[in-house]
Structures are given as structure tokens and as C-alpha cells.
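Coordinate analysis (summary)
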Amino acid sequence: MTKRLMKLKVEERVKLVESCLNNELSLSEAAREGNVSLPTIVRWLRLYENDGGTALLTAPKNRHYSVALKLSATIDYLNGKGSYEELAKTYKLRSLSVKYIAVRFEKKKEDHYSNC
């Protein structure tokens, strides 16, 4: 099994995130300074807000969420109760798995109705 490599050390990630939260750097400035993409900075912010600095460590394996949690998040998304990012934060999902579940749900629904 290969170990994931990080462009920045955890301490550097935390420093960038905290600089954004303290309005010392904009998201764009943090992305440039860290030599990472803007979506990466946004994801780090969400992770940091959910779980603190330890969330920015390289995860040794993927997290597994209960079916009930994923279903609740997906239903909330489909009912317009928030964006993917908002629901990932609400349900403390590390990734935007809600997005992929919702997309698959919609695809299956479309396939079902197209076969009728």
C-alpha cells in the first residue's frame, strides 16, 4: 500500500487555514501561498472547522459512514436543504460523498422512469 504524499506539512496547512479564518489571507492568497488549488483550501477549511487541525493529517484509510447517515444527507440534499458543501459540514462528512450518492440516486430514478 502506498502512502499518500502531501505537498505541505500539516503545520503549514493549519497556518494557511488559520490565516484565512483570521482574515489575514484571502482564500486565493492562501491557495497561491500554499501552491494548491482554491477548492483544496476550501476543503481544508471545512475539515478544520469540523474536526480541528488533526483533520488535515493524511488519512490512513477512507472513512466509512453508515447507510442511515448517507441517506439522511442525500434526502436533505434532494429536498433542497443545503448545498453539497453545507451538508458535508452539517453531517461531518470528510468528502462530498453526498454529491455522488445524490447523483447516483437521480440517475437510477431517471433510468426507472425512462423504462416505463
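Preceding this section is the structure that the text describes.
Residues numbered from 1 in each chain as written. Predicted model: local features only at pLDDT ≥ 70, side-chain atom pairs only at ≥ 80, totals over all residues. Heavy atoms only, no water.

What follows concerns the overall build of the protein chain. For the protein chain, the helix and strand inventory stands at 6 helices and 0 strands. Counting from the amino terminus, the protein chain carries its helices and strands in the arrangement α-α-α-α-α-α. In the protein chain, which comprises 116 residues, the proportion classed as buried is 32%. For the protein chain, the exposed area adds up to about 8,300 Å²; of that, 54% sits on carbon and sulfur atoms. (Helix = DSSP H or I, 4+ residues; strand = E, 2+ residues; numbered from the N terminus. Buried < 20%, exposed > 50% of the residue type's maximum accessible area, 1.4 Å probe, protein only. Areas by Shrake-Rupley, 256 points an atom, 1.4 Å probe, with all protein chains shown as cover.)

So, on to the nonpolar core. Counting residues in each nonpolar core, the largest one holds 17 residues, and the members touching the most others are Leu16, Val17, Ala30, Ile41, Trp44 and Leu56. Those elements that place two or more of their residues in this core are helix 1 (10-21), helix 2 (27-34) and helix 3 (38-51). Apart from the residues within four sequence positions on either side, Ile41 is in contact with Leu16, Cys20, Leu27, Ala30, Ala31 and Val36. One finds Tyr65, Ala73, Ala88 and Tyr91 within the second-largest nonpolar core, a separate group that totals 6 residues. (Core = buried A, V, L, I, M, F, W, Y, C linked by side-chain atoms within 4.5 Å. Contact = heavy atoms within 4.5 Å.)

A few words now on the packing of helix 1 against helix 3. Across the interface, helix 1 lies against helix 3 with an axial gap of 10 Å and an inter-helix angle of 85°. Overall, the two elements helix 1 and helix 3 adopt an arrangement that is roughly perpendicular. The residues of helix 3 that touch helix 1, namely those facing Arg13, Val14, Leu16, Val17, Glu18, Cys20 and Leu21, are Ile41, Trp44, Leu45, Tyr48 and Glu49. In terms of residue class, the contact of helix 1 with helix 3 is made up of 9 nonpolar, no polar and 3 charged. (Axes fitted to C-alpha atoms, helices over the stretch in contact; angles between N-to-C directions. Parallel < 35°, antiparallel > 145°, perpendicular 65-115°, else oblique. Nonpolar A, V, L, I, M, F, W, Y, C, P; charged D, E, K, R; others polar.)

This paragraph deals with the pattern of salt bridges. Going through the model one piece at a time under the given rule, you end up with 1 salt bridge. The partner of Asp76 in a salt bridge is Lys81, with the nearest N and O atoms 3.9 Å apart. For Asp76, a relative accessible area of 16% translates into the label buried. A relative accessible area of 60% means that Lys81 is categorised as exposed. (Salt bridge = Lys/Arg side-chain N within 4 Å of Asp/Glu carboxyl O.)

Attention now moves to helix 1. Given 3.6 residues per helical turn, the α-helix brings residues three or four places apart onto the same face. The terminal C-alpha atoms of helix 1 lie 16 Å apart, and with 12 residues this matches the ideal 16 Å at 1.5 Å per residue to within 8%. Within the span of helix 1, buried status applies to Val10, Arg13, Val14, Leu16, Val17, Ser19 and Cys20. (Expected span 1.5 Å × (residues − 1).)

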